[in-house]
Amino acid sequence: MSSAQRREYLAALGIDTWVLRGKTPAPGAREAEAPLEAPAFEVPAFEVPAFEVPALKEGREAGVDWTELESRVAGCTRCALCKTRTQTVFGVGNPHAQWLIVGEAPGAEEDRQGEPFVGRAGQLLNSMLRAIGLARDEVYIANVLKCRPPNNRDPLASEAGECLPYLEQQIALIKPKIMLAVGRIASQNLLRTEVTLGRLRRQVHRFGLSQVPLVVTYHPAYLLRTPADKRKAWEDLKFAREVCARV
Ligand code: SF4
């Protein structure tokens, strides 16, 4: 992606970008002495994850392909959310993606459409991905829960425990290089911790049985309500991009 395109996407995210004095600023860019790209930051060693991630109670099952897995999820009754869903929201994207994006659970619109991250939050997620050179159809997008909790309440730990083995199966099929957990709820459920999102950021964790490197950032719905934190999300994305390049 060219610098001009990246500036456009960052402008769409509401993040100020900077060009050197004397150059013609792209739309949304401000003139300044600052360099175009922030200096690279340190990526912590993978060998020292900040938090232990307990193994899921149920391991992966060998020989389950996409069709079988999707059909199992569509008919799943392992938790009470099966009674209130319109449909399951399995996931969408490239089945061989390097990046796996994971949110918490379907909302009302996702429950209606059967696809994760649609609506305004989905559009912002798309812009965030484009800012690091990724198209939506290049990544795979899924949720911790495949069914919508009523009234958009937070997922229960028991529901996440029942549903996460499906994500493990998806990971076994996709074999992503990196997972990006978006939002506090997804991050805490994936890492089985109550540590705040602020403390989980800017570290390389490992997820479950697969031990895929996992980086956390803010949920786009939160960023729509709190645009001041978009810059931190941009830092997280750059961090994740560096981690992915080193895997
Ligand atoms: S949330 Fe997951 S475990 Fe619960 S019914 Fe839906 S697919 Fe099954």
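Scroll up to find the structure.
Let us look at the structure shown here. (Residues numbered from 1 in each chain as written. Predicted model: local features only at pLDDT ≥ 70, side-chain atom pairs only at ≥ 80, totals over all residues. Heavy atoms only, no water.)

Bringing the pairing of strand E8 (residues 212-217) into the picture now. For E8, a buried count of six out of six residues is recorded, marking the element as mostly surrounded by other parts of the structure. The alternating pattern of E8 places Val212, Leu214 and Val216 on one face and Pro213, Val215 and Thr217 on the opposite face, and all of these are buried. Taken together, the four bridges between strand E6 (residues 178-182) and E8 define a ladder with parallel strand orientation. Paired with leucine 180 across the bridge in E8 is valine 215. Relative to E8, strand E7 (residues 205-207) runs antiparallel, the two sharing three bridges. Looking at E8, one finds that arginine 206 is bridged to proline 213. Counting the residues that bridge the hairpin from E7 to E8 gives four residues, and of these glycine 208 lies at a positive phi of roughly 40 degrees. (Buried < 20%, exposed > 50% of the residue type's maximum accessible area, 1.4 Å probe, protein only. Helix = DSSP H or I, 4+ residues; strand = E, 2+ residues; numbered from the N terminus. Pairing = 2+ DSSP bridges.)

This part is about the pairing of strand E4 (residues 99-103). For E4, the buried fraction is high: five of the five residues fall into the buried class. Neither face of E4 is exposed, since Trp99, Ile101 and Gly103 on one face and Leu100 and Val102 on the opposite face are all buried. Relative to E6, E4 is paired through four bridges, and the arrangement is parallel. Bridged to tryptophan 99 within E6 is isoleucine 178. In this sheet, strand E5 (residues 140-143) lies alongside E4 in parallel orientation, the contact comprising four bridges. Bridging across to E5, glycine 103 finds its partner in asparagine 143.

A few words now on the side chain of arginine 85. Looking at where arginine 85 falls in the secondary structure, it is placed in the loop between helix H2 (66-74) and strand E3 (92-93). Looking at arginine 85, its side chain comes within polar contact range of the main-chain oxygen of alanine 74, at 3.3 Å. A polar contact of 2.9 Å, which involves the side chain of arginine 85, links it to the backbone oxygen of cysteine 76. Once you skip the residues sitting within four places of it in the chain, arginine 85 turns out to touch Val73, Ala74, Gly75, Cys76, Asp111 and Cys147. (Polar contact = N/O pair within 3.5 Å; in protein donor to acceptor, adjacent residues only side chain to side chain. Contact = heavy atoms within 4.5 Å.)

Tallied over the full model, the rule gives three aromatic pairs. Aromatic side chains tryptophan 66 and phenylalanine 90 sit 5.8 Å apart centroid to centroid with 80 degrees between the ring planes, which places their arrangement in the edge-to-face category. You can see tryptophan 66 sitting in helix H2 and its partner phenylalanine 90 sitting in the loop between H2 and E3, a full 24 residues away along the chain. According to the relative accessible area criterion, phenylalanine 90 is buried, its value standing at 6%. When the ring of tyrosine 218 is compared with that of tyrosine 222, the centres are 5.2 Å apart and the planes differ by 20 degrees; the resulting orientation is stacked. (Phe/Tyr/Trp six-rings, centres within 6.5 Å; stacked < 30°, edge-to-face > 60°.)

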